[in-house]
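Read off the chains here:
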Amino acid sequence: DRTVLWLLGDQLNPDLDALDDVDEVLLIEAHGFADRKPYHAHKLTLVFSAMRHFRDELRERGRDVTYLEAESFGEGLDEFLADRSEADLRLMRPASHGAGERLRELVVERGGSLELLENELFWTTPADWREWAGERDGEGGGGSEPLVAEDGTAERSYRQEGWYRHVRRETGVLMDGDEPVGGEWNYDDLNQETPPDDWEPPERPRFEPDGLTRETHAWVRDRFETWGDDSLDGFAWPVTRGEARAALDAFVRDRLPSFGRYEDAMTTGEPFLSHSLLSPAINLGLLDPHEPVRAVEEAYETRGAEPGAYDPDDAADGGSGATTLDAFSAGGGGTDAAESGAADGADASDGDTDAGDDADRPPVPLNAAEGVIRQLIGWREFMRHVYREAMPGLATANQLDQSRELPPAYWDGDTDMLCLSEAVGHVREYGYAHHIERLMVLSNFALIYGVDPGELNEWFHLGFVDAYHWVTTPNVVAMGSFGTDVLSSKPYASSGNYVNRMSDHCASCPYTVSRTTGEGACPFNALYWDFLKENEETLRGTGRMGLMYSHVDNKDDAEWAEIRERAETVRELAASGEL
Ligand code: FAD
């Protein structure tokens, strides 16, 4: 019997172990999902173009590939299994909840068989998680009760930091024996600065759309109702494994040094700052998460510098003024960096290009290396497992009973609030906004305004090039909307103060961040206090909101009346698209 590996559109990696010993690869490009909702044109272009490039690359490597275009997986399987229902299909367990079982049923109904394999595109496995969670919970990490109940409350809860330390210990990443390199697990306190006015972020690596991407994009525009910028002007995402490797090299070479320090900053007109921009490639499978983690670790070994050592003045002259730690500059090994693959889109898939002269590259402070690694083996893996554990309750969790519709500004970007129009603008233009815009602007505003978490989740899912159900749902419903307390004990809610501290937006915004009430006051402020008051019953008791509730308690009735009035006005303006 022929063995067939069916790979999904987010499993596009030609170096998977699962590809060993298979006779044929099946890819089904299903379109129906995108007929039902307006996805960002760049997201559809990215996924379909990456699938088509992957098909061609596998064929070039001598693989027998069947590539089907269909309305649904069921229809694709009808065609595939029509004349070979005997085929043994294998599939890496999809990241999306319940999808493995659903797809197996589709195959079995048509007379075939489907074996589910471990998903190799995550670093840690469900068994790794159970080992950690089981030790902690003393019950194997899970009982038979749903983890998240219908009212959003969680039977058990998990914290990223504990998981992250466990994974560092188990994998040895950035470890010095049993101790974390540098002595601290987490250098986040160094990662909360905003750049000086004259600082220029490193250039975004651009992967110019090739013929196949252009053709795919023209078809997407023709075939689907899309949302966001439907030209290809801002589209520069890697669509092949070679480009994804070049994107990683460019990140490690140019962006990593300043990643840490400005990780939480927001600057008007700068959507990307020093973020890695790697999530689209990692989530498609074009990069295995081991690769960015190892590359960052190696860069630290060869170019490492003390925590906080990034100097923005050095960025201007290529970083040659700063020095790496002596202890590390003697270390061998390259970073696998392709010399200029990113900028000109050259194919770096041949792999081990020599790192070149590391001395010419800016040093990598420990807080930057640790910061990226925590995002990847901490947050990314953590979110995946929390999702696995907390579904299906997680998707509909809404412990604060929020039910408002998203304001129209989330769709058209039309608002005078500079932080919000910037963040929505980035999503419309690129299908991307960085972490702090996602958390502290887009979801924070929706949270304190009162948006239904499920609706917000859908908006993120449609609009972002890196969005999949397994990753938006814990991030948006649990972290951003506090629909459940499964992964945090308090909401990520804040007033305009946070945006003011971390950005340069407020200075040029027509709203006044220092005012809470009255016309022209920053909308975040009244919404924030009103949110705390409205949700007092759930939030006061969490134990971590004590300070905030002492401020709530200090406001008198007259102040509350004004706050209420301003919050109501803001809600009306937002709902009618006039904010
Ligand atoms: P960097 O800042 O460079 O971080 C490096 C990598 O760490 C990312 O590429 C990503 O793979 C990983 N990472 C960091 N934080 C998280 C996290 N919380 N969950 C999962 N991975 C993480 N990430 C997605 O991949 N897809 C989403 O649809 C998505 N939606 C989000 C929605 C909200 C409301 C929030 C708060 C976060 C969301 N994130 C999502 C997480 C994070 O914001 C993005 O991974 C990150 O902004 C992607 O940009 P980057 O590659 O430049 O990230």
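Relevant structure appears above.
Computed from a prediction, not measured in an experiment: that's the story for all the values here.

What am I meant to see in the overall build of the chain here?
Scanning the chain from terminus to terminus reveals 25 helices and nine strands. For 579 residues, the compact-globule formula gives about 25 Å, and the C-alpha radius of gyration of the chain, at 24 Å, lands near that figure. Dimensions of the chain, computed from C-alpha atoms along their principal axes, come out at roughly 80 × 60 × 55 Å. Taking all contacts inside the chain whose residues are at least 6 apart in sequence as the whole, residues at least 24 apart take part in 77%. Entry remark: accessible area of the chain is about 23200 Å², with carbon and sulfur atoms responsible for 43%.

What am I meant to see in the site of the ligand here?
Taken together, 26 residues lie around the ligand, and S276, L277, N283, Y432 and H435 are the ones closest in. Contacts to the ligand include L278, whose backbone N or O atom sits 3.1 Å from an oxygen atom. Contact between the ligand and D466: a nitrogen atom at 2.9 Å from a main-chain N or O atom of the residue. When the ligand is considered free in solution it has 810 Å² of accessible area, and contact with the protein chains removes 99% of it. Secondary-structure elements contributing two or more residues to the shell around the ligand are α9 (279-284), α14 (366-390), α18 (435-449) and α20 (469-480). Ranked by the residues each element gives to the shell around the ligand, the list is headed by α14, at five residues. Residue composition of the shell around the ligand, by class: 13 nonpolar, 10 polar and three charged. Here the shell around the ligand gathers at least three residues from each of two domains, domain 2 (200-221 + 240-372) and domain 3 (397-575).

What should I look at first to understand the pattern of salt bridges in this one?
Where charged atoms of side chains with opposite charge meet at close range, the side chains can pair. Applying the stated criterion across every chain, the model contains 34 salt bridges. Of the charged contacts in the structure, one is a salt bridge between E208 and R206, with a shortest N-O distance of 3.0 Å. Taken together, the salt bridges that share partners define one network made up of D15, E57, R61, R241, R245 and E291.

Would you mind going over the environment of S576 with me for this structure?
Here S576 shows up in the segment after α25 (557-575). At 3.2 Å, the side chain of S576 forms a polar contact with the backbone oxygen of L573. Separated by 2.9 Å, the side chains of S576 and E578 make a polar contact.

Sorry, what's going on with helix α17 (residues 418-430) here?
Taking 1.5 Å per residue as the helical rise, α17 with its 13 residues ought to reach 18 Å, and the 18 Å between its terminal C-alpha atoms agrees with that figure. Inspection of α17 places L418, C419, L420, E422, A423, V424, H426, V427 and Y430 among the buried residues, and these make up the whole buried set. Considering only its buried residues, α17 is in contact with α2 (41-60), α16 (409-412), α18, α19 (453-463), α21 (496-502) and α22 (523-534).

Hey, could you run me through the sheet that holds strand β5 (residues 113-117) in this one?
The strands making up a sheet associate through backbone hydrogen bonding, with each pair oriented either parallel or antiparallel. Pairing is parallel in the open sheet, where five strands are placed in the order β3-β2-β1-β4-β5. Taken across any chain shown, the strands that pair with only one partner, and hence form the sheet edges, are β3 (65-70) and β5. Averaged over all pairs of adjacent strands, the angle between strand axes in this sheet comes to 25°, irrespective of strand direction. Pairing of strand β4 (residues 88-92) with β5 involves five bridges; the strand directions are parallel. Across the sheet, residue D88 finds its bridge partner in β5, namely S113. Seen against the sheet, helix α4 (residues 99-109) touches β1 (3-6), β4 and β5 and runs at an angle of roughly 160° to β5.

About the thresholds
- Residues numbered from 1 in each chain as written.
- Predicted model: local features only at pLDDT ≥ 70, side-chain atom pairs only at ≥ 80, totals over all residues.
- Heavy atoms only, no water.
- Helix = DSSP H or I, 4+ residues; strand = E, 2+ residues; numbered from the N terminus.
- Rg over C-alpha atoms; globule rule 2.2 N^0.38 Å.
- Contact = heavy atoms within 4.5 Å.
- Areas by Shrake-Rupley, 256 points an atom, 1.4 Å probe, with all protein chains shown as cover.
- Near = heavy atom within 4 Å.
- Polar contact = N/O pair within 3.5 Å; in protein donor to acceptor, adjacent residues only side chain to side chain.
- Nonpolar A, V, L, I, M, F, W, Y, C, P; charged D, E, K, R; others polar.
- Domains from an automatic or database assignment.
- Salt bridge = Lys/Arg side-chain N within 4 Å of Asp/Glu carboxyl O.
- Expected span 1.5 Å × (residues − 1).
- Buried < 20%, exposed > 50% of the residue type's maximum accessible area, 1.4 Å probe, protein only.
- Pairing = 2+ DSSP bridges.
- Axes fitted to C-alpha atoms, helices over the stretch in contact; angles between N-to-C directions.

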